[in-house]
Protein chains: 2
Amino acid sequence: MVFNSRDYIPNLSYDAVIFGFSAEKLKILILEYHNTGTFALPGGFVRRDESLETAVNKGLSERTGIDQIYLEQFHTFGSLERSDPTIMRRIFEAQGISSDDDWVLDRFLTVGYYALINYEKVNPTPDVFSDSIGWYDFDALPKLMQDHSLIVGRAIEHLRANLDRKLLSFNLLPEFFTMKDLQLVYESILGEPQNRANFQRKMLSLDILERHEKRFSGGSHKAPFLYSFKK
Amino acid sequence: MVFNSRDYIPNLSYDAVIFGFSAEKLKILILEYHNTGTFALPGGFVRRDESLETAVNKGLSERTGIDQIYLEQFHTFGSLERSDPTIMRRIFEAQGISSDDDWVLDRFLTVGYYALINYEKVNPTPDVFSDSIGWYDFDALPKLMQDHSLIVGRAIEHLRANLDRKLLSFNLLPEFFTMKDLQLVYESILGEPQNRANFQRKMLSLDILERHEKRFSGGSHKAPFLYSFKK
DNA sequence: TTAATATTGTTTCTGTATGAAACAATAGTA
DNA sequence: TACTATTGTTTCATACAGAAACAATATTAA
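Per chain, residue numbering runs from 1 following the sequence as it is written. Chains and ligands are labelled by the order in which they are written, letters from A for the one and numbers from 1 for the other. A pLDDT threshold of at least 70 governs which residues receive local features in this predicted model, and a stricter bar of 80 or more applies before side-chain atom pairs are shown or counted, although totals over entire chains, interfaces and linings include all residues. The basis for the side-chain values is all heavy atoms of the structure; hydrogens and waters are excluded.

**Q** Would you explain the pattern of salt bridges in this entry?
**A** Any two side chains of opposite charge can pair, so long as their charged atoms come close to each other. Salt bridges are counted wherever a side-chain nitrogen of Lys or Arg sits within 4 Å of a carboxyl oxygen of Asp or Glu. Enumeration according to the criterion identifies 18 salt bridges over all chains in this entry. With a shortest N-O distance of 2.5 Å, aspartate 137 of chain B and lysine 27 of chain B are connected by a salt bridge. In this pair, aspartate 137 of chain B sits in strand β9 (residues 132–137) while lysine 27 of chain B sits in strand β3 (residues 25–33), placing the two residues 110 residues apart along the sequence. Salt bridges linked by common partners bring Lys25, Lys27 and Asp137 of chain A together as one network. What counts as a helix is a DSSP run of H or I of at least four residues, what counts as a strand is a run of E of at least two, and both are numbered from the N terminus.

In structure tokens form, the structure reads like this:
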């Protein structure tokens, strides 16, 4: 595998915090470089002949197998300390990737994006630099390389601030879900419990949910309605 | 004047929407390239040996004469269409600036910032590319080059969304001001009138204002109190 | 068949915030 | 001294949010 630096915008990358929801927990996709013990956010570079948006969409589509991911740009990180040629050299050597020059070892600024996706539809696929990619509980992440932990922190801040305003939660759920599912998504993102009665009242008052038949889970109690988001 | 491309991060710039408030109106600083009839946002490039934040702070400090400007990064623009080598070449030639290569004519991504400053303290200073810089009413801006109008639009959106949450309004006002002044700032940013009684009640309930002696303006009516923001 | 239990759906009560209007105070002018 | 314009405050009605209680129901156990 050979990178040709002339095809890419130098000194600029993007990194994505990809959120999913499963087993009542908020998760994010993390890459692992097995031979280096390094964990990182999925990211990539921008070709000279494509827009930033296109680069990110294409890259994340390759990582997840999903097209038309909900994506939000939230911050561009440009400190001097964030670049670390040593670790980049190790990763490249471990993967047997060569470049026609040392452009990847140079300083990089990175544009941070977060994405919300339906966990069930994802087919996680490692990129050319890494051996594996997988879901990690948001509240039990491994130590991430460079400033990627900071990037995750800023991502969740922006997600929290926009959760209501942009009605983002449905991107994390399958088509049909119960009110409890929805509440769990909110609670896992906001990091605090929500009052059940008030949450239900608020969601119904938004007039964005369609109520369907009940789901009989087998539990010895009243069965919850299923909902979907209005199109 | 000669730029040395090796000192700068290529293909990356920043542009700033600098808000001020005067004569009951919201204004922004706009550069003009006299010999080209082109208007633009103040902006600049990032040196390889300085952080993005440092570059922006330094650049805006040079344009306004103010240090420690309140600055907020809000979006990075990376479309293919936003670059226009023709106009860049004209501007450079008109100003007699030469570069050791054509790096400024290449594609650029730009990081958008907005700034809020005390109008009275500003000493507007053109940059090396432009002949003049001045305040323009926010609701009567000239046609701006490239995608700068779009950048302004996104800036005001973010400013509106953060006005309350981050208590930004005081950055636009002098140390002492009346409740009416404050309300005018809010109205000019939000673009809609606020109820006088409720606005006053809300501001006072925030517990961020210190009340001082009255200001006798000479009008034949009750004199308003002066306020300052609590430190 | 019936009682028990866990969970869901809804209502009620309460305090707080918000919008609209009225009232009160006052610095200057006629 | 009356009048006017503006500011400071209060009042009233309404909407919203937190907490708790009540009602409904799917299953299990007696």
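Next comes the rest of the description.
**Q** Would you mind going over the protein's contact with DNA strand D with me for this structure?
**A** Within the structure, DNA strand D sits among 23 residues, and Asn198, His221 and Lys222 of chain A together with His221 and Phe225 of chain B are positioned closest to it. Among the atoms of DNA strand D close to the protein, meaning within 4 Å, 52% are from sugar or phosphate groups. Contact between DNA strand D and arginine 201 of chain B: a base oxygen at 3.2 Å from a side-chain N or O atom of the residue. In the environment of DNA strand D, a phosphate oxygen lies 3.1 Å from a nitrogen or oxygen atom belonging to the side chain of arginine 211 of chain B. Being near a molecule or strand, for a residue, means having at least one of its heavy atoms within 4 Å of it. In the analysis that follows, any N or O atom pair within 3.5 Å is treated as a polar contact, provided that within protein one partner can donate a hydrogen and the other can accept it, and provided that, for residues neighboring in sequence, both atoms belong to side chains.

**Q** I tried to follow the interface of chain A and chain B on my own but got confused; where do I start?
**A** Interfaces are often sized by the accessible area lost when the parts come together. Here a residue-residue contact requires only that any non-hydrogen atoms of the pair lie within 4.5 Å. With 21 residues of chain A in contact, the opposing surface of chain B contributes 21 residues. Summed over both partners, the interface of chain A with chain B buries about 1600 Å², with 57% contributed by carbon and sulfur atoms. Between the two partners, chain A and chain B, sit 2 salt bridges. Taking the shortest distance from any N to any O, the salt bridge between arginine 48 of chain B and aspartate 106 of chain A comes out at 3.2 Å. For the pair chain A and chain B, the number of links is 12 residue pairs in polar contact (both at pLDDT 80 or more). Elements supplying a minimum of two residues to the side of chain A that touches chain B: β2 (8–22), β5 (43–47), β6 (70–77) and β8 (109–116) of chain A. Looking at the side of chain A that touches chain B residue by residue, the class counts come to 8 nonpolar, 7 polar and 6 charged. By convention, the term buried area covers the 1.4 Å-probe accessible surface removed from two parts as they join, with the contributions of both added. Residues are grouped as follows: Ala, Val, Leu, Ile, Met, Phe, Trp, Tyr, Cys and Pro are nonpolar; Asp, Glu, Lys and Arg are charged; all remaining types, including Gly, are polar.

**Q** Mind showing me how you'd approach the side chain of glutamate 72 of chain B here?
**A** In this structure, glutamate 72 of chain B sits in strand β6 (residues 70–77). Every residue in contact with glutamate 72 of chain B, bar those within four places of it in the chain, is listed here: Gly112, Tyr113, Tyr114, Asn162 and Lys166 of chain B.

**Q** Can you help me understand the domain arrangement of chain A in this one?
**A** Residue and element names in this part refer to chain A. By convention here, the domain bounds are inherited from an automatic or database domain assignment. Here chain A is described as being made up of domain 1 (2–162) and domain 2 (175–229). Of note, the centres of domain 1 and domain 2, computed from C-alpha atoms alone, are 32 Å apart. The interface is formed by 6 residues belonging to domain 1 together with 7 residues belonging to domain 2. Counting the surface lost from both domain 1 and domain 2, the interface buries some 590 Å², and carbon and sulfur atoms represent 71% of this. Counting every contact that joins domain 1 to domain 2 gives 0 salt bridges. Inspection of the domain 1/domain 2 interface yields 1 residue pair in polar contact (both at pLDDT 80 or more). For the side of domain 1 that touches domain 2, the element with the highest residue contribution is helix α3 (residues 148–162), accounting for 3 residues.

**Q** Explain the protein's contact with DNA strand C here, please?
**A** Around DNA strand C, the surrounding shell holds 24 residues, and the nearest of these are His221 and Phe225 of chain A together with Ser220, His221 and Lys222 of chain B. Counting only the atoms of DNA strand C within 4 Å of the protein, the fraction contributed by sugar and phosphate is 51%. With respect to DNA strand C, the side chain of arginine 201 of chain A contributes an N or O atom lying 3.2 Å from a base oxygen. Counting only elements with at least two residues in the surface near DNA strand C, the list comes to α5 (196–205) of chain A together with α5 (196–205) of chain B.

**Q** Honestly, the packing of aromatic side chains in this entry has me stumped. Any pointers?
**A** Two aromatic rings, taken as a pair, are described by how far apart their centres are and by the angle between their planes. Residue and element names in this part refer to chain A. Paired rings are identified among Phe, Tyr and Trp, the last through its six-membered ring, by centres lying within 6.5 Å, and are further divided according to the angle between planes into stacked (under 30 degrees), edge-to-face (over 60) and tilted (the rest). By the definition in use, this model includes 28 aromatic pairs over all chains. Arranged with centres 6.1 Å apart and planes meeting at 35°, the rings of phenylalanine 74 and tyrosine 114 form a pair that is tilted. Note that phenylalanine 74 is positioned in strand β6 and tyrosine 114 in strand β8, a separation of 40 residues in sequence. Chaining the aromatic ring pairs together yields one cluster made of Phe19, Phe74, Phe77, Tyr114 and Phe138. A positively charged side chain is recorded as over a ring if its NZ (Lys) or CZ (Arg) lies within 6 Å of the ring centre. The angle to the ring normal must also be within 35 degrees. A cation over an aromatic ring shows up here: arginine 47 above the ring of tyrosine 8, its NZ or CZ 5.7 Å from the ring centre. Over the ring of phenylalanine 225 we find arginine 211; its NZ or CZ atom is 4.0 Å from the centre of that ring.

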